[in-house]
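Residue-level structural notes
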Amino acid sequence: MRCVVLLSFCALTLALPHANLATRFPDFSKQFLTTDVNELIEAVRLSGIAQIVELETTENQGADVPMKSGADSPYVPVVQMHGMGDFADNPLGMVPLKKAISKELNGTYVMNAALGPNIPEDMMGSFLEIMDKEVEMFAKSVRADTNLASGFNAIGYSQGALIIRGYIEKYNDPPVQNFISIHGPLVGVAGFPHCNFSSEICKLFDNFLGEAAYNAISQNILAQANYFRDPLRISQYLAHNIWLPLINNENSVNDTRKANFASLKQLVCVKALGDTMVWPNESEWWGFYQDNSTSELWTMKDTPWFQQDTFGLQTLVNSNRYSTYTTPGDHLQFDESFLLGLVDKYFK
């Protein structure tokens, strides 16, 4: 199916922004949401755009430690949020990480948040639900889990880190205490250079990003358009992007959002030095391209959002509640031992 087919559903998409995927995208859903799950996973993997955590081995990862309820957990419960195209029940990544983190924390309760009631909707929801809806779904998920009622620590992988950031600013009830971002595009991306445009998913990107990124159709169809920050079209971005300028407080400062984000006990951000997915990868440490340039970079402390402390980042840095780390490889390539080291340091 070519992406232009989706244009015939634009009116339905705008009229029913909170309908489920099958209702909003009947043809797309017929192809992807009703297909064999393994075929769907392979299609997303081959797109080149998927942000999937996969471990080299799952042997003996946390299987011998019973997971306790939130009230009985020896440490604060943990919530993980997967990236684009991944899914909460992924047996090769998210599930063994859940077990390993619980084991590291002596049986502490760990929950993997999902963006849908089943694997296909969880996977495709990370593309076809707008970011504010994904944040809302995350909020409903954690609020429905009584184990998390007193708060939780959070780990976000790639786009999942943006979802958690959005939750902290907009809801933060129950509150996030410590937040680890693994290769998260925290202040957006300027493009998706890793996408294989022979795949159907990347044809979707090609159709709704680029010149069309900031029109109402793209902004209400594709999650990734909501954090697309084109440094050569800043005025259009500020005027028409419906999500990222809001959480960056770039047009006006929302004091509640700022206070919520600044309430974190610790913010930990990990950058992939060889990242070919997040462009620029400086976004993983809150930096970005300078306005009107695709070559000159701002580091975090150069950015207007840091210098003006628009959403509380400077507050965290100045109070020694911000830490950075790097991994040597590409996007979401990291050793489990590295992640567990962060968990041991910041979640105990």
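Quick notes on the rules
- As a convention, each chain's residues are numbered from 1 in the sequence order in which they are written.
- Note on the predicted model: pLDDT of at least 70 is required for a residue's local features to be given, and 80 or more for side-chain atom pairs to be given and counted; whole-chain, interface and lining totals, by contrast, use all residues.
- No hydrogens and no water enter the side-chain calculation; it runs on all heavy atoms of the structure.
- Two strands pair if DSSP finds at least two bridges between them.
- Counting from the N terminus, the helices are DSSP H or I runs at least four residues long and the strands are E runs at least two residues long.
- To obtain an axis, a line is fitted to C-alpha atoms, over the contacting stretch when the element is a helix, and the angle between two such axes runs from 0 to 180 degrees between their N-to-C directions.
- Definition of nonpolar core: a set of buried residues of the types Ala, Val, Leu, Ile, Met, Phe, Trp, Tyr and Cys, connected through side-chain atoms within 4.5 Å.
- When a residue's accessible area, from a 1.4 Å probe over protein chains only, is under 20% of the maximum for its type it is buried; when over 50% it is exposed; and in between it is partly exposed.
- Every residue pair with non-hydrogen atoms within 4.5 Å of one another is taken to be in contact.
- Two rings belonging to Phe, Tyr or Trp (six-membered ring only in the last case) form a pair when the distance between their centres is within 6.5 Å. Interplanar angles under 30 degrees mark stacking, angles over 60 mark edge-to-face geometry, and anything in between is tilted.
- A positively charged side chain is recorded as over a ring if its NZ (Lys) or CZ (Arg) lies within 6 Å of the ring centre. The angle to the ring normal must also be within 35 degrees.
- Confidence of the predictor at the level of single residues is captured by pLDDT, which takes values from 0 to 100.
- Take the residue count of a helix, subtract one, and multiply by 1.5 Å to get its expected span.

Right, let's get into the sheet that holds strand β1 (residues 78–81). Read across the sheet, 6 strands follow the order β2-β1-β3-β4-β5-β8 without closing on themselves; strand pairing throughout is parallel. Edge strands, defined here as strands with exactly one partner in the open sheet, are β2 (110–113) and β8 (322–327). On average, each strand axis in the sheet is tilted by 15 degrees relative to the strand beside it, whichever way the strands run. Pairing analysis gives 4 bridges linking β1 to β2, with the strands arranged parallel. When the bridges of β2 are listed, V78 appears paired with V110.

With that out of the way, let us pick up the nonpolar core. What tends to happen in soluble globular proteins is that the nonpolar side chains get buried as a cluster. Core analysis: the largest hydrophobic core is formed by 58 residues, its most contacted members being F138, F152, Y167, F179, L267 and W286. Once residues within four sequence positions are removed from consideration, W286 is found in contact with R165, L186, V187, F261, L267, C269, M300, T303, W305, F311, L313 and Y322. With 22 residues, the next largest nonpolar core counts A100, I101, L105 and V268 among its residues.

Here the distance between the centres and the angle between the planes together describe a pair of aromatic rings. One pass over the full model with this rule turns up 15 aromatic pairs. Judged by centre distance (6.3 Å) and plane angle (80 degrees), the rings of Y325 and Y346 are edge-to-face. Here Y325, found in strand β8, pairs with Y346, found in helix α16 (residues 336–346); they are 21 residues apart in sequence, far enough to count as distant. In this structure an aromatic cluster arises from ring pairing among F138, F152, Y167 and Y171. We note R165 situated over the ring of F311; from NZ or CZ to the ring centre the distance is 4.2 Å. Over the ring of W285 we find K271, and its NZ or CZ is 4.1 Å from the ring centre.

Position of V268 among the secondary structure elements: in strand β5 (residues 266–272). Judged by relative accessible area, V268 falls into the buried class, the value being 1%. Along the primary structure V268 and Y346 are separated by 78 residues, whereas in three dimensions their C-alpha atoms are 8.5 Å apart. Excluding residues within four positions of it along the chain, V268 makes contact with F179, I180, S181, S323, Y325, L342 and Y346.

The next thing to look at is the confidence of the model for the protein. Looking at the protein as a whole, its pLDDT mean stands at 84, while 76% of the residues score no less than 70. Note on residues 1–19: pLDDT under 50 across the span, and 41 contacts to partners over four residues away in sequence or across chains. Predicted confidence for residues 25–34 stays below pLDDT 50, and this span has 28 contacts to residues more than four positions away or in other chains.

With that settled, the discussion passes to the packing of helix α8 (residues 159–170) against helix α13 (residues 255–262). Running from amino to carboxyl end, α8 crosses α13 at an angle of 115 degrees, the nearest separation of the two axes being 7 Å. Across from R165, I168, E169 and K170 in α8, the residues of α13 making contact are T256, R257, N260 and F261.

Compared with an ideal rise of 1.5 Å per residue, which puts 12 residues at 16 Å, α8 spans 17 Å between its outermost C-alpha atoms and is within 8% of the ideal. All of the buried residues along α8 are Q159, G160, A161, L162, I163, I164, R165, G166, Y167, I168 and E169. Looking one or two residues past α8, N172 carries a phi angle of roughly 50 degrees, positive in sign.

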